[in-house]
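Next come the chains, spelled out residue by residue.
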Amino acid sequence: MIVFVLVGVVCFAALGVAFAHAIPNFESTAAYVNAVFLPVVAVSFYAFDSSSAPGFVRTIADALPLKPLIQGLSAALVGGKGLGAHLDELAVLALWGVFGCHLAVRGFSWEQRRT
């Protein structure tokens with residue numbers, strides 16, 4: 001469980017910093033965050049069952065970082081399974097974390113943007 005928490009924190013923190021570079025000003029922050037957050041939560045089947053969903057939606061959910069985090073933490077906390085049972089989910093989180101770190105570093109600047 002500790003590994004999933006640490007990888008999840010790094011992944012989502014890096015994606016958050018990378019995404020913050022795309023937001024032009026403080027006033028539009030809520031709109032940008034909701035435009036990303038709400039579809040990801042809906043597609044990741046956090047609030048409803050995925051058994052009746054189309055296959056392509058389940059494929060998209062498996063590729064996004066939220067569902068693998070939920071599955072890994074749920075398996076550790078509820079099912080008592082070890083890390084070896086969910087290496088695929090850990091790999092998805094790690095890939096998103098690397099991608100987020102790359103974009104965060106690439107978009108970083110010491111100069112303040114003026115908008």
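See the structure above.
So, here is what we can say about the structure in this document. (Residues numbered from 1 in each chain as written. Predicted model: local features only at pLDDT ≥ 70, side-chain atom pairs only at ≥ 80, totals over all residues. Heavy atoms only, no water.)

Some details on the nonpolar core
Argument step 1. In this structure, Phe-4, Cys-11, Leu-15, Leu-69, Leu-90 and Leu-93 together form the largest nonpolar core, which totals six residues.
Argument step 2. Looking at this core element by element, the count peaks at three residues for helix α1 (residues 2-20).
Argument step 3. Setting aside residues up to four positions removed in sequence, Cys-11 forms contacts with Pro-65, Leu-93, Trp-96 and Gly-97. (Core = buried A, V, L, I, M, F, W, Y, C linked by side-chain atoms within 4.5 Å. Buried < 20%, exposed > 50% of the residue type's maximum accessible area, 1.4 Å probe, protein only. Helix = DSSP H or I, 4+ residues; strand = E, 2+ residues; numbered from the N terminus. Contact = heavy atoms within 4.5 Å.)

A short note on α1
Argument step 1. With 19 residues, α1 extends 27 Å from end C-alpha to end C-alpha; this agrees with the ideal 27 Å at 1.5 Å per step.
Argument step 2. Taken together, the buried positions of α1 are Phe-4, Gly-8, Cys-11, Ala-14, Leu-15 and Ala-18. Summarising the axial view, the buried residues of α1 lie within an arc of 140°, below the 170-degree limit, and thus occupy one face. Exposed residues lying more than 90 degrees from the buried face of α1 are Ile-2, Leu-6 and Val-9.
Argument step 3. Of the surrounding secondary structure, the elements contacted by the buried residues of α1 are α4 (66-79) and α5 (87-107). (Expected span 1.5 Å × (residues − 1). Arc of directions from axis to C-beta.)

Some details on the pattern of salt bridges
Argument step 1. Counted under the stated rule, the structure contains one salt bridge.
Argument step 2. Close ionic contact of Lys-67 with Asp-62 constitutes a salt bridge, the shortest N to O distance being 3.4 Å.
Argument step 3. For Lys-67, a relative accessible area of 11% corresponds to the buried category.
Argument step 4. Of the residues examined, Asp-62 reaches a relative accessible area of 38% and is grouped as partly exposed. (Salt bridge = Lys/Arg side-chain N within 4 Å of Asp/Glu carboxyl O.)

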